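Chain by chain, the residues run as shown.
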Amino acid sequence: MTVARLVATVAAPLDPASADAPQVLHWPGRRLLIQRGDTELVALDLDVATAGGRLVEARFPAPWPRRFGSVTVSPEGAAAVFVGVHAVRCVEATGATRWEVRHGCWEGEQPHMHTSFAEYADDKDHRYADNGSAAFSADGKLVWAHVRGPLRDDREAENDQELWLVIDATNGRVLGRANTMTVASSSEHTPHPDPTQIGLSVGEGEEGSPVLWGRWDGQRLTIEQIDIERILLAVSPSGRHLLTVPLEQGSLSLHRVDDGAVLREVDAQGTVTAHPGNTGGDRIYWDYEAAFVDEDTVVAGTSECDAEYGTARHWLVDVQGMTLRGEISYPFPVSGPPRSAGDGTWYTVSEDQTSLHLWRPADDD
């Protein structure tokens, strides 16, 4: 059994009654804790917070409530990108809009071009609209965004297209674009240490869940489809490998980034012991979250299938053979899956979402 050492506990800056759970964004040498509320986004330097230094928060006014999209923050913490139903908007902490890329509305069969959020703020159908996502590159110079076409200045409507954009983070200029050939209900980016590469998981409801890999050569964006029914979980610290789980969550797969090939897999059923409360032989499966601790080690959870039986369980996996090293022992019960926090650590969120716990293996000390 592997013992987890608590690196730090950081209080969530916003009231969970009106905010999403806190989360960690990380790039090589930089980590931020962010939390999205209905009226603002808060970002703080996680390394400063864990070192006991003076906590400095950046607060970004939100252009629309959180149910209307997602958000990301630049590595230096100077700008937030809000991904909405009709636009991708970059906002500075002062509240000033740095840039905006308008696109087809995610609600409805035929995309409509809105000029502002106010046009549909009270429309109940827009509250349950599909949505895309965005992420900053590791160097903070690019924003990758998954949106619905057409863009505002397109001469020909691209009503049936979803677009993957490469955007200049400074001025909002669209540098590159490609059709994802997807029909999304949602999506999520997984950054890569190389700023010219990134992964995208696209949820299509009952239609599937393609994993796409994007590469930008400075002139052209190319897309490779890794699989059609998987979720991308994490990228290794070197950037050479990535981890996925199929929609049915039966196995963890290690892929080579260069060509997407599956190198090794580990099944949950038959490898992970049943929860002590699971006396009926119910199926054991992996969570939709996992984290690389280092190039050779992954922390993965079975918290979802453990939930009805008691405490969540997490496991250390050796990716060289995709073998289980054993269950992780925490100093107190944790909730939910393990999530990547970079720098050899992972994090969990308290059940009441008021705090974030940062962990590392005790044998690394």
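Note that this is a predicted model, so its numbers are computed, not measured. (Residues numbered from 1 in each chain as written. Predicted model: local features only at pLDDT ≥ 70, side-chain atom pairs only at ≥ 80, totals over all residues. Heavy atoms only, no water.)

Novice: Is there a simple way to explain the overall build of the chain in this structure?
Specialist: The secondary structure content of the chain amounts to two helices and 28 strands. Against the globule reference of 21 Å for 365 residues, the chain gives a C-alpha radius of gyration of 20 Å, in line with a compact fold. In terms of overall dimensions, the chain has C-alpha extents of about 60 × 45 × 40 Å along its principal axes. Here the chain holds 365 residues, and 54% of them are scored as buried. Across the chain, the fraction of contacts at a sequence separation of at least 24, relative to all contacts at a separation of at least 6, is 46%. About 15,700 Å² of surface is accessible on the chain, with carbon and sulfur atoms providing 45% of the total. (Helix = DSSP H or I, 4+ residues; strand = E, 2+ residues; numbered from the N terminus. Rg over C-alpha atoms; globule rule 2.2 N^0.38 Å. Buried < 20%, exposed > 50% of the residue type's maximum accessible area, 1.4 Å probe, protein only. Contact = heavy atoms within 4.5 Å. Areas by Shrake-Rupley, 256 points an atom, 1.4 Å probe, with all protein chains shown as cover.)

Novice: I tried to follow the packing of aromatic side chains on my own but got confused; where do I start?
Specialist: For any two aromatic rings, the description comes down to two numbers: the centre-to-centre distance and the angle of the planes. For the coordinates displayed, the defined rule picks out seven aromatic pairs. Here the aromatic residues Trp-64, Phe-68, Phe-117 and Tyr-120 are joined through ring pairs into a cluster of three or more. (Phe/Tyr/Trp six-rings, centres within 6.5 Å; stacked < 30°, edge-to-face > 60°.)

Novice: Would you mind going over the sheet that holds strand β21 (residues 262-267) with me for this structure?
Specialist: Within a beta sheet, neighbouring strands are joined by backbone hydrogen bonds and run either parallel or antiparallel to one another. Taken together, the four strands give an open sheet; going across it, the order is β18-β19-β20-β21, and neighbouring strands pair in antiparallel fashion. Both edges of this open sheet fall to β18 (230-235) and β21, since each of them pairs with a single strand only. Taking the axes of each pair of neighbouring strands and ignoring which way they run, one obtains an average angle of 25° across the sheet. (Pairing = 2+ DSSP bridges. Axes fitted to C-alpha atoms, helices over the stretch in contact; angles between N-to-C directions.)

Novice: Looking at this structure, how should I read unusual backbone geometry?
Specialist: As a rule of thumb, non-glycine residues mostly have phi less than zero, and peptide bonds are mostly trans rather than cis. Cis geometry is adopted by the peptide bond preceding Pro-150, which originates at Gly-149 and carries an omega value of 0°. Mapped onto the elements of the fold, Pro-150 is located in the loop between β11 (142-148) and β12 (162-168). The backbone of Met-181 shows a phi angle near 60°, a positive value even though the residue is not glycine. Summarising the element assignment, Met-181 is placed in the loop between β13 (174-179) and β14 (186-191). Overall, the relative accessible area of 68% leaves Met-181 in the exposed class. The backbone phi angle of Gln-249 is positive, close to 65°, even though this residue is not glycine. Position of Gln-249 relative to the elements: it lies in the loop between β19 (241-246) and β20 (251-256). For Gln-249, a relative accessible area of 6% corresponds to the buried category.

Novice: Explanation requested: the nonpolar core in the structure shown.
Specialist: For soluble globular proteins, the rule of thumb is that nonpolar side chains tend to be buried together. Among the nonpolar cores identified, the biggest contains 38 residues, and Leu-41, Val-73, Phe-82 and Trp-144 are the most heavily contacted of them. The biggest single contributor to this core is strand β15 (residues 197-203), with three residues. Counting 22 residues, the second largest nonpolar core, distinct from the first, contains Leu-243, Ala-268, Ile-284 and Val-317. (Core = buried A, V, L, I, M, F, W, Y, C linked by side-chain atoms within 4.5 Å.)

Novice: Honestly, the sheet that holds strand β16 (residues 211-216) in this entry has me stumped. Any pointers?
Specialist: An order of β14-β15-β16-β17 is seen for the four strands of this open sheet, with the pairing classed as antiparallel. Among the strands making up the open sheet, the edge pair consists of β14 and β17 (221-227). Taking the axes of each pair of neighbouring strands and ignoring which way they run, one obtains an average angle of 25° across the sheet. Strand direction decides the pairing type here: β14 and β15, joined by six bridges, are antiparallel. Among the inter-strand pairings, His-189 is bridged to a residue of β15, identified as Leu-200.

Novice: Explain the environment of Ala-134 to me, please; I cannot follow it from the model alone.
Specialist: Take Ala-134: it is sitting in strand β10 (residues 133-136). Separated by 10 residues in sequence, Ala-134 and Lys-124 place their C-alpha atoms 24 Å apart. For Ala-134, the contacting residues outside a window of four places in its chain are Thr-72, Val-81, Val-83, Val-143, Trp-144, Ala-145 and His-189.

Novice: What is the right way to read the pattern of salt bridges from this model?
Specialist: Where charged atoms from two side chains of opposite charge come close, those side chains can pair. As enumerated under the stated definition, the model contains 19 salt bridges in all. Measuring nitrogen to oxygen at the nearest pair gives 3.2 Å for the salt bridge that ties Arg-215 to Glu-224. On the basis of relative accessible area, Arg-215 is assigned to the partly exposed category, the value being 25%. One salt bridge in this structure joins Arg-313 and Asp-306, with 3.1 Å as the shortest N-O distance. Each member of the pair Arg-313 and Asp-306 is classed as buried. One salt-bridge network, in which partners are shared between bridges, spans Asp-20, Asp-38 and Arg-66. (Salt bridge = Lys/Arg side-chain N within 4 Å of Asp/Glu carboxyl O.)

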